[in-house]
Structures are given as structure tokens and as C-alpha cells.
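# Observations on chain architecture
Spelled out from the first residue to the last, the chains are:
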Amino acid sequence: MWTINLPHIGNAISDTEFVTAFESAVDAANRDTSVRAVILTGEGKIFSAGGNVKEMADRQGMFSLDPLDQRYAYVDGIQRLPRALARLEIPIIAAVNGAAIGAGCDLAAMCDIRIASERASFAESFVQIGLIPGDGGTWFLQRAIGYERAAEMTLTGDRVDAATALAWGLVSRVVPHDELLSAARDFADRIAKNPSHALRMAKRLLQESRTGPMESTLAMAAAMQPLAHRDAEHERRIAEWRSS
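Here's what I pulled together on the structure shown here. The structure presented is a predicted model; accordingly, all values stated were derived computationally and were not measured.

As a further point, take the pairing of strand β4 (residues 92–96). Every other side chain in a regular strand lies on the same face of the sheet, so the side chains alternate between the two faces. Within β4, five of the five residues are buried, leaving the element largely enclosed by the surrounding structure. Burial along β4 is two-sided: I92, A94 and V96 and I93 and A95, pointing in opposite directions, are all buried. In this sheet, β4 lies alongside strand β2 (residues 38–42) in parallel orientation, the contact comprising three bridges. Within β4, the residue paired with I39 across the bridge is I93. The pairing of β4 with strand β6 (residues 113–117) spans four bridges and is parallel. For A95, the partnering residue across the bridge sits in β6 and is I115.

Right, dumping it as C-alpha cells:
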């Protein structure tokens, strides 16, 4: 389980140190074929408040740079998160334990599966402080809930509660707060019981199918499936099926 453990700053995810640590965790998971699913959650009462608003207000760090340099600070900073998750080969489940605000909302939307505590809330709140989603949120959010609802969240900045998030398809289920991590682990266990290589290829096909044409998805599937047929785990499970 990956936990954003920065409660003193609202589990902000805009610092370069966080981004680098997140990338390292992704790369380590990709190298370890025994890892078949990961859960992402926040420490304390907040999933993530997104950017570090105090640093923005004080013009510290990247927020002290001139606009031309700040542009590249976004590319070399928080925009590395969606790129890291795009190359994560295993399924990732966001266990949203509280408020997911701004970039925190976007981080949840980048995950494959989202489960929410009844205490969770979501806000694409950038416009309320005169900003825009700088981390790819406009790309991810509308793929999760459709253009119109993404536009409502992005252009008002208003929060939606867990029940609304469920109705809109932003999360797949809402559970009592005390059951959140056990529900996420149950999801992870149901995923992890399946063969590692098949899981990784299936996830890649899902990602390709979101944005690519049908023909490229079919071509990728045709290339991947023979590899799956020759995987030892597939052969073992077929043998179990034959003997059952």
C-alpha cells in the first residue's frame, strides 16, 4: 500500500520530493512481477489537498519563478505524476479516505479503480483560486465522468460528496469510513489472485482502448495473446481446469 504521509501540509503532492518518490515506487513495482496490485491512500483525514497553497501564497519554490521557468517547473514537477501512472503496469486502487482537492482529485482520477469512504469529497477547485488544472486533470476527469460533469466540476470548483461521486461514476463504490482499507484490500486481493503477466497486459489493453482506435487495440491484443498462451501460469491454470 502506498500512503501519502504528509498530513502537516494536507498531503500536498506538488513538491518535487514527493513526485520523485512516487516515480521510484512506480518503477520498483514495474520491476517486481510479484506485485500485482497497489492501493493508494492518504494519511489522516485528507486524501490529498493537491498543491501546496501556502507555498503559492508565499511565492516559494516553483511559485517564485518567472512564468517561462515556471512552465518547465510544471513539466518537470507535478506533470511527472500522470506520466508515471501511465507507465505503471499493475492496477492501482485509490482508497479515498477524505477530501481529494484540486490535484488530489486529479490523482484519484488517474487511478484505475476508486473506492471512497463515506467521508470523502472531491473538488476540481483550481478556478476558485484563479488557476487551471495544471496536472492533466482536464484529460482524466472527463474520461471518468464525462465531459458535462467534468465541466461542471472544473468551471465551478464546487465539491461533490461521496454519494454524488458514486452516482457520477467517479468512484465505483462508497463504504463506511472504517471499512475503506479492508474494502480496498479485498479489491486488491481479487485482482492479485490472477496471473501477473496477464494482469499487466490486460491493463495495457484497457489504457490503449481509452484513446486509440479499435484497430490498434486489436493488433495489440493479437500480439499479446500468444505470449499469454505460453505463460507457465496460464498452462497451470488450464491444467487445473481440466482436472476439476
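Read on, since the account is not over.
The full count for this structure, using the stated rule, is eight salt bridges. For D27, the salt bridge is made with R87, and the minimal N-O distance between the two is 3.1 Å. Of this pair, D27 sits in helix α1 (residues 16–31) while R87 sits in helix α4 (residues 80–87), placing them 60 residues apart in sequence. Relative accessible area serves as the criterion here: at 31%, R87 is assigned to the partly exposed category. Among the ionic pairs, R237 bridges to E233, the shortest N-O distance being 2.9 Å. Separated by four residues within a single helix, R237 and E233 lie in helix α12 (residues 232–243), roughly one turn from each other. Taken together, the shared-partner salt bridges in this structure form one network comprising E233, R236, R237 and E240.

Cut-offs applied
The numbering scheme is per chain: residues are counted from 1 as the chain's sequence reads. Given that the model is predicted, a residue must reach a pLDDT of at least 70 before its local features are reported, and side-chain atom pairs must reach 80 or more before they are shown or counted; all residues, however, enter totals for whole chains, interfaces and linings. Excluding hydrogens and water, the side-chain values take into account all heavy atoms of the structure. Exposure is judged per residue with a 1.4 Å probe applied to protein chains only, and the accessible area is read against the type maximum: over 50% gives exposed, under 20% gives buried, and values in between give partly exposed. Helix numbers and strand numbers start at the N terminus; a helix is a DSSP run of H or I with at least 4 residues, a strand a run of E with at least 2. Here, a strand pair is defined by DSSP locating no fewer than two bridges between the strands. When a carboxyl oxygen of Asp or Glu lies within 4 Å of a side-chain nitrogen of Lys or Arg, that pair is called a salt bridge.

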